[in-house]
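Residue-level structure breakdown
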Amino acid sequence: MHIKSNSYIRLFSLLFLCLLALSITFQSFAAAWDPYLQYIPAATPVTKSQLRGAWISTVANLDWPSSKTRAIADTNLRIQKSKEELIKLLDKAAALNMNAVFLQVRSTGDALYKSSLAPWSRYLTGTFGKDPGFDPLQFAIDEAHKRNMELHAWFNPYRISMDTGNATKASLNIPKSVYKEHPDWIRTASNRFVLDPGIPEARKWVEDCVMEVVRNYDIDGVHFDDYFYYEEVNNEMGDDSTYQKYNNGQFAKKADWRRNNTYLLIKELSARISSEKPWVKFGISPSAIWRNKKDDPAGSNTNSSYTNYDKCYADTKKWVDEELIDYICPQIYFTYANPAAPYGELASWWSNAVKGKNVHLYIGQALYRINEGNSTNDRDFSTDNGVPEMTRQIKYNTAKPEIQGSVMFRMNYFFESPVQAVVSTLQKDLWSTKVLVPAMSWKGGHAPAVPENGTISSSSGGIRLTWTDNDAATVYYAIYRYSNTETIDINSNESARKLIATVRRKTAGLQQFTDTAGTGLNGAVYVVTALDRLHNQSQGLKLSNGSKYFSDVGQNVYWAVDSIDYLYEKGIVSGVGQNNFMPAANSKRGDFILMLVKTAGLQAQLSSNFTDVPANSYYYNAIGTARELGLTAGTGNGYFDPKSGITRQDLLVQVYKAAQVSGIPLQAAAGSQLAAFSDSSQISSYAAEAMAVMVKNGIISGSGNRLNPRAQATRAEIAVILSKLLQKLN
């Protein structure tokens, strides 16, 4: 019995373990994101360009300004606190490597900007129509651009109020209020006052409000969200009379007429924006689902009662197909496991929708739903603080070729406790690299000219870079940092790992940037590119204390880099093979004469040459020319000894004579010019005058307080001397 019982238990345990293993395997196989694993790699993919942004809601003081700040009675203090709050939001966005914000500038028929068409927003001061004492939109643009972030002005086109109560009605009865001035345009929907989109004049007023901002402000984009027609019940808006008046028999169904009204708004506004400022982007952020496949074969494999096409009367797919908008940002606020609207299905469907179109796809993501605690269909937003789910979504967005960015709803949630694990993951992993905003080739623009005249130097704050730029097309610069052992490549996705900053252009001419994280000049290589406002990028200007042409010319001879490169560009010096210059090597006498004759542009008719200079040697003509012009008498007995080294005093005598022959004006100098050098007594009498003149005219400056006249000259030292001579000659 005992043995039989134990055998049974072992058999049962084995069976249980097998079933458990099968269950785990099945669950793993059946994971909602499994069909999309191709685009969910283990390691976070790196990309060089990706829009990363967040919405900043002003309606009901959700993000900015806060209701507490709005209520401050003291105008100056309210303005100060409002600005501080926005700066806090933008600083957070910059710290998370975002490059765009979407600021709600019109939420309820109001304006967060100076407008002749709409009253000041109640969310600025608590009173509809009250001047806030500053221009919130202009301040936001200035601060966003300081951080080199795009600012898209976000409009709710039709909503006029958040409720229909008597107090709201009274508040709307003020000058410039569309509710007061055009009561015949006003309807109700979802317990809110809205404009009737079927009235052409109302539609034009919406367009005019948008165009007022486009004309008067340096915005980067115009942005609409998902509020078009928005009703809780059928025909709550009560627009039958509008349909009868304006349809003119064109559409048999009012639903099609409504969709056409929204289509006309988008089409007309798109054309007006492009005509006014072609570089301003126009984008829409609809709810996630265009149509369900059960209702339309072209729809997504979803099962939702709320779709853009059927409930909002917005044919968002048509806008993409006709390329009326520059980007679409569907609000896919669901997990992969959502049974009615799975993230993977919708992101994939929209990817197919934009494929081959001049329309960018960004995904609106539900930061606000992390750990919200009341979701049954989206539990993964709370599993492990939502980190695995958000990681899967961001990785998919980065790896899927058609998706070019993410926008988070909304900005204040980045400060909320429930989402801090996700925020940390964004900062340390998912968004740990800086990126450029993807360029939109169809909107024109062009890569600016390459920056010029780069310098690099140490400063108390770090490594200071300077360059010049006079191309009016330049809006900002991208700064990449490499080491001199790395291959420079600013075009691959991996270049994002080297992108350390984007810097807004100040004015024309000299620009500068200090790399506060730079660890020293030794081996540091920077690349600076210029970009226009549509993010077309120039080729790079390389800045380093190393040569552009020789791999062995760097920190070891930083003082000679520019001279060596200058002489190389003039064809006076060349390398010694394998991209090397051997700057510390002592120069041969024959090589020096060749460089000197090239520098001074000397020519002579050769009658003879030194005995030990072969006729087939590369420096034969140069040495013969120097002999004919009296630059050198050789070493005696008809010899020149071309392969031996040359002392500093000997080469300076020959430089001095070359300058005289070439007619280079040099100031005369006496022997007293050499008194400041501790080793002046070592200068031979035949070289004293030449060296004094060289010091006087800045050709040489010595090393500390020494001239080292009898030391053999290195190739780097000779390059510095000859470059200074050439500059005087020119």
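The text that follows walks through the structure, step by step, so that each part is easy to find.

Conventions we followed
- Residues numbered from 1 in each chain as written.
- Predicted model: local features only at pLDDT ≥ 70, side-chain atom pairs only at ≥ 80, totals over all residues.
- Heavy atoms only, no water.
- Helix = DSSP H or I, 4+ residues; strand = E, 2+ residues; numbered from the N terminus.
- Rg over C-alpha atoms; globule rule 2.2 N^0.38 Å.
- Buried < 20%, exposed > 50% of the residue type's maximum accessible area, 1.4 Å probe, protein only.
- Lys, Arg positive; Asp, Glu negative; His and termini not counted.
- Charge placed at Lys NZ, Arg CZ, Asp CG, Glu CD.
- Polar contact = N/O pair within 3.5 Å; in protein donor to acceptor, adjacent residues only side chain to side chain.
- Pairing = 2+ DSSP bridges.
- Right-handed = clockwise from strand over helix to strand, strands pointing away.
- Axes fitted to C-alpha atoms, helices over the stretch in contact; angles between N-to-C directions.
- Parallel < 35°, antiparallel > 145°, perpendicular 65-115°, else oblique.
- Left-handed = near helix turned anticlockwise from the far one by under 90°.
- Contact = heavy atoms within 4.5 Å.
- Nonpolar A, V, L, I, M, F, W, Y, C, P; charged D, E, K, R; others polar.

Comments concerning the overall build of the protein
Per the secondary structure count, the protein includes 21 helices and 17 strands. Since a compact globule built from 730 residues should have a radius of gyration of about 27 Å, the 36 Å found for the protein marks it as more spread out than a globular shape. Each principal axis of the C-alpha distribution contributes one length, and for the protein these read about 115 × 95 × 50 Å. For the protein, the proportion of its 730 residues judged to be buried stands at 53%. When the 76 basic and 69 acidic side-chain charges of the protein are each reduced to a single mean position, those positions are 3 Å apart.

Remarks on the environment of D142
Along the chain, D142 falls in helix α5 (residues 136-146). The spatial distance from the C-alpha of D142 to the C-alpha of I332 is 31 Å, given a sequence separation of 190 residues. Engagement of the side chain of D142 in a polar contact is seen with the side chain of Q138, the distance being 2.9 Å.

Quick word on the pairing of strand β10 (residues 403-408)
Within β10, five of the six residues are buried, which leaves it mostly tucked inside the rest of the structure. With four bridges joining them, strand β1 (residues 51-56) and β10 adopt parallel strand pairing. Looking at β10, one finds that L51 is bridged to G405. Examined bridge by bridge, strand β9 (residues 360-365) and β10 share four bridges and lie parallel to one another. Residue pairing across strands places L361 opposite I403, the latter belonging to β10. Traced from β9 through helix α14 (residues 387-399) to β10, the parallel crossover comes out right-handed.

Concerning the pairing of strand β16 (residues 524-531)
In terms of burial, β16 is largely enclosed, as eight of its eight residues are buried. Every second residue of β16 is oriented toward a common face, with A524, Y526, V528 and A530 on one face and V525, V527, T529 and L531 on the other, all of them buried. Here strand β13 (residues 476-483) pairs with β16 via eight bridges, running antiparallel. Its bridge partner being in β16, I479 is matched across the sheet by V528. Alignment of β16 against strand β17 (residues 541-544), held across four bridges, turns out to be antiparallel. Following the sheet pairing, V525 is matched in β17 by S544.

Some details on the sheet that holds strand β12 (residues 462-469)
Backbone-to-backbone hydrogen bonds join strands into a sheet, with any given pair of strands oriented parallel or antiparallel. Taken in spatial order, the three strands make up an open sheet running β11-β12-β15, and their pairing is antiparallel. Looking along the sheet, the strands with just one partner apiece sit at the ends: β11 (452-459) and β15 (509-515). Between one strand axis and the next, the sheet turns by 20° as a mean value, whatever way the strands run. The sheet contact formed by β11 and β12 spans six bridges and is antiparallel. Residue pairing in the sheet places I456 in a bridge with L465 of β12.

A word on the packing of helix α13 (residues 343-354) against α14
Contact pair α13 / α14: the axes reach a minimum separation of 11 Å and the direction vectors enclose 15°. As summarised for this structure, α13 and α14 are arranged roughly parallel, according to the angle between their axes. Where α13 crosses over α14, the handedness of that crossing is right-handed. Across the interface between the two elements, Y343, G344, A347 and S348 from α13 touch Q393, Y396 and N397 from α14. The class makeup of the residues in the contact of α13 with α14 is three nonpolar, four polar and no charged.

Geometric descriptors of this kind do not, in isolation, establish any biological role.
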